[in-house]
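# Analysis of the macromolecular model
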Amino acid sequence: MDGRTKTVCSFFLGVAVIVATGCGYGEQSKFQTSFLPPTPHPVTLAAAEFVAPPIVQPNLYLQDSPPFLNINPQLPVRRSRADGLVQQAEQRFQRGRRSYRVKDMAEARRDFDAAVDLMLEASDQNPSESEEYAERLDQMVDTIHRFDLAGLGASADVEKPEFEKAPLEDILPMTFPIDPKLTGKVQAQVAATVSQLPLTVNDAVLSYINYFSNRGRKTIIAGMERSGRYRPMIQRVLDEEGVPQELIHLAQAESGFIPRAVSRKAAGGMWQFLSWRGQEYGLMRTKYTDDRMDPEKATHAAAHHLRDLYQEFGDWYLAIAAYNCGPGVVEKAVERTGYADFWELRNRGVLPAETTNYVPIILAMTIIEKNAAEYGLDDVQLDPPVEYDTVEVSSTTSLNLVSDITDTPVAELLNLNPALLTSVVPDGYSLKVPKGSGNQLLAALQLIPAEHRDSWRLHRVSAGETLASIGKRYGTNASRIIAVNNLQENEAVEGDRLLIPAALKVAAPVRHKASKTTSSRRVASHRRSRKPVTKSARSTQKSPVILARSTSR
C-alpha cells in the first residue's frame, strides 16, 4: 500500500493460514508478528492443543493416487438466467452485510431489498437447484430480518435483558364452550390414532380442541411452526430418556418453543423451570448464564424430570399434573382422596385450577397435531432446524468481538445462545456460532491475547475513517491502535481489519428484542410474496402458546 513500509496484513488471510495448518503452529508467523505485539505466554484453547505440525512431503495425499486424479480440467459451466440472478442476489446480499456493519443503513437496505427482489425474480426462471434455491432464500430473508432486529447491526452494543412474557397465563383458569359436533369426530380420531401417551376424550379436552380450532388457532399454528427449530433435538432427547414423544407438547404449552420465555411466577426457559427445580436437574445459574434458557440442556432436564415423575406415580396424567404443580401437591391430593387418578382428582377439586386445565390442554394439542389434516393444519410449514457450530471459549470473551470476527449481528448470536445473560461469554462456555464459522472464530481468537478478549474489538476500516476517529469511537487513541497492529504510519486504509485495544467496560446484560423496523416489514412482505416458490414460507408474526407455571416447580 502507498506510503507504508510495512503492510497491514488482512486479518482473515491470517485466519485462513491457521485453519489450513490445523490451527496449530510451532513458531510465530510473520503475520502474527505484524498483527499483534509479542505476548509473554502462548494462547491456549480448551478445544485443542496446539503443537508444531509434522514435516510432510509435498502432495502427501496425492502420492498414492492414480495420475488421472491429479488432473483438474476446468470445464465450462453452463448457467441459466435464474442462476445468474441468484449469483447477483448473493453479491448484493454480501454488499448489504458490509454496509450494515459500518452502519451505512440506507445503503444496506437498498442492497438487502435488491438481493431479495433478484431472488424472487429468479424463482420465475426455474433455478436449476430449486431446493437449494428455496433454502437460500429462506436463509437470506431470515438473516435480513435478524439484522433489522439488531438495530445497529453486528457492532451494536447490548443492553438490558428482555425476556418473552408467558401470554397464555391468563387463560388457564378460564373455561371454553364445547361444540357438540366435535364429540363423535374426536372420538373417531382418537380411536384411529397411534400414541405413546394415552389419549382421553371428555368435555375438558373437547373444550380446548374447540378453542384451538377457533380463537386459539393462530397460537397453535405459531407453536407448530416454531417447533421445527428444536423438534429433531427434542425428539432425540425424549427417545434417549425413554418417555413418550407426545410430551413435546409440554414445551408447546409451556413456552411455544421460546427459549427465553418467563412467567410471572419466575419460571424460565422453553420448559419453564423454577430456579431451584432446575438446579436439581443440573440447570445452573451464574451472573453470565442461565441454563434454563439453553434449549438442549433444559430439554434433557425436563425429560429426566418427567421420567422421575412417572416412576413415582405410575401414570402419565399424574406425572404431567405434577410437572405443572409439583409432585408434593399431587401426593397430598392422592393421600386426601385415596384416588391415584387425575380425572377423579380434577372432579373433586383437590388440584390447583391451572393444573386441572393443564392436562386437557396437552391432550387437546396432541389430538389436533396427530390429526392435522382434519383441522386444516397439514400445510403448516415448520421452521428449519437451528444449525450451528460450537466453539469452547477458553477465556472470558466479549460477545461484540465474536460478532466482529464472524460478521454476525449480536442479536443473531444471542438467538443461538439464549442462555447468555450478558455481553460477556464466560471461560469454558460452549458458544454457538453460525454454521461454518466455528473454525474461523477459533483461529482468529488465537491471534488475540487471552487477557484482552473481553474488551478488544476488530474493526473494518470504511471510507473516510482515520485512526483518530476510530479510536474515539472505541474510547482509545491512534497511537495504541498503531502499536497493537504494528503500523508504521498514522493512516487507516479502507478495507483493513484492525484490532482495537478498547478499554474493558462493565458487561451489560443482553437485550434480545427490538421494535419492528421498516426493513423488517418489507421482509414480511417478501415472505408473503414468495410463498408459491418455497417449501418453508413462514409468518414473521407468531403468537406463542405459553402457560403459567406453578410456584411448586
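Residues numbered from 1 in each chain as written. Predicted model: local features only at pLDDT ≥ 70, side-chain atom pairs only at ≥ 80, totals over all residues. Heavy atoms only, no water.

Once that is clear, we can look at unusual backbone geometry. The phi dihedral of Ala266 is positive, around 75 degrees, even though this residue is not glycine. One can find Ala266 in the loop between strand S2 (261-262) and helix H11 (275-280). Residue Ala266 is classed as partly exposed on the basis of its relative accessible area of 46%. Phi at Asn486 takes a positive value of approximately 55 degrees, unusual for a residue other than glycine. In this structure, Asn486 sits in the loop between helix H21 (478-484) and strand S8 (497-500). (Helix = DSSP H or I, 4+ residues; strand = E, 2+ residues; numbered from the N terminus. Buried < 20%, exposed > 50% of the residue type's maximum accessible area, 1.4 Å probe, protein only.)

Moving on, we get to the pairing of strand S3 (residues 388-392). Covered by surrounding structure in S3 are Asp389 and Val391 only, the residues Tyr388, Thr390 and Glu392 on the alternate face being uncovered. The pairing of S3 with strand S6 (residues 430-434) spans five bridges and is classified as antiparallel. Paired with Val391 across the two strands is Leu431, which belongs to S6. (Pairing = 2+ DSSP bridges.)

A few words on a negative patch on the surface. A contiguous patch of negative charge, built from Glu129, Glu132, Glu135 and Glu387, is present on the exposed surface. When you line up the elements, Glu132 lands in helix H5 (residues 130-150). The exposure class of Glu132 is exposed, given its relative accessible area of 54%. (Patch = residues over 30% accessible without salt bridge, like charges linked within 9 Å, V, L, I, M, F, W, Y side chains within 5 Å. Areas by Shrake-Rupley, 256 points an atom, 1.4 Å probe, with all protein chains shown as cover. Salt bridge = Lys/Arg side-chain N within 4 Å of Asp/Glu carboxyl O. Lys, Arg positive; Asp, Glu negative; His and termini not counted. Charge placed at Lys NZ, Arg CZ, Asp CG, Glu CD.)

Moving on: the side chain of Thr406. When you line up the elements, Thr406 lands in helix H17 (residues 399-406). At 2.8 Å, the side chain of Thr406 forms a polar contact with the backbone oxygen of Val402. Among the polar contacts listed, one links the side chain of Thr406 to the side chain of Thr408, at a separation of 3.0 Å. (Polar contact = N/O pair within 3.5 Å; in protein donor to acceptor, adjacent residues only side chain to side chain.)

It should be kept in mind that the predicted coordinates are not to be read in detail where pLDDT is low. Residues at a pLDDT of 70 or more form 70% of the protein, whose mean pLDDT is 78. Within the model, the stretch residues 22-77 combines pLDDT values under 50 with 68 contacts to residues more than four positions away or in other chains. Predicted confidence is poor over residues 507-552, with pLDDT under 50, and the contacts of this stretch with residues over four places away or in other chains come to 164 contacts. (pLDDT = per-residue confidence, 0-100. Contact = heavy atoms within 4.5 Å.)

Let us now look at the nonpolar core. With 67 residues, the main nonpolar core has Ile209, Phe212, Ile234, Leu250, Trp271 and Tyr323 as its most contacted residues. Core analysis: the next-biggest nonpolar cluster, separate from the first, contains 25 residues, Val391, Val393, Leu442 and Ala444 among them. (Core = buried A, V, L, I, M, F, W, Y, C linked by side-chain atoms within 4.5 Å.)

Counted according to the given criterion, the structure contains 20 salt bridges. One salt bridge in this structure joins Arg229 and Asp383, with 2.8 Å as the shortest N-O distance. Placement of Arg229 in the loop between helix H8 (217-227) and helix H9 (231-241) and of Asp383 in the loop between helix H16 (353-370) and S3 is noted, with a sequence separation of 154 residues between them. Arg229 sits in the partly exposed class, given a relative accessible area of 32%. Salt-bridge contacts for Glu344 lead to Arg348; the nearest nitrogen and oxygen are separated by 2.8 Å. Arg348 gets classed as partly exposed once you look at its relative accessible area, which sits at 42%.

So, on to the environment of Ala267. Along the chain, Ala267 falls in the loop between S2 and H11. Here the alpha-carbon distance between Ala267 and Gly278, two residues eleven residues apart in the chain, equals 9.5 Å.

For helix H10 (residues 248-255), a buried count of eight out of eight residues is recorded, marking the element as mostly surrounded by other parts of the structure. Looking at H10, one finds that the buried residues are Ile248, His249, Leu250, Ala251, Gln252, Ala253, Glu254 and Ser255. Looking at the packing, one finds that the buried side of H10 touches H8, H9, S2, helix H12 (295-313), helix H13 (316-325) and H16. After H10 finishes, the residue Gly256 shows a positive phi value of roughly 65 degrees.

With respect to the secondary-structure elements, Met233 resides in helix H9. With relative accessibility at 14%, the residue Met233 sits in the buried group. For the pair Met233 and Pro295, spaced 62 residues apart in sequence, the C-alpha to C-alpha distance is 8.9 Å. Once residues lying within four places of it in the same chain are set aside, the contact partners of Met233 are Pro295, Glu296 and Thr299.

Attention now moves to the packing of aromatic side chains. Evaluated as defined, the whole model comprises seven aromatic pairs. Summarising the aromatic geometry, the rings of Tyr310 and Trp316 are spaced 4.3 Å apart at their centres and angled 15 degrees between planes, so their arrangement reads as stacked. In this structure Tyr310 comes out as partly exposed when scored by relative accessible area, which is 33%. On the basis of relative accessibility, which here comes to 11%, the residue Trp316 falls in the buried class. (Phe/Tyr/Trp six-rings, centres within 6.5 Å; stacked < 30°, edge-to-face > 60°.)

Viewed as axis vectors pointing N to C, H12 and helix H14 (residues 327-337) meet at an angle of 15 degrees, and their least axial separation amounts to 12 Å. Considered as vectors, H12 and H14 are oriented roughly parallel to each other. H12 and H14 meet at a crossing whose hand is right-handed. In this structure, H12 contributes Leu309, Glu312 and Phe313 to the contact, and H14 contributes Pro327, Val330 and Glu331. For the contact of H12 with H14, the class distribution of residues is four nonpolar, no polar and two charged. (Axes fitted to C-alpha atoms, helices over the stretch in contact; angles between N-to-C directions. Parallel < 35°, antiparallel > 145°, perpendicular 65-115°, else oblique. Left-handed = near helix turned anticlockwise from the far one by under 90°. Nonpolar A, V, L, I, M, F, W, Y, C, P; charged D, E, K, R; others polar.)

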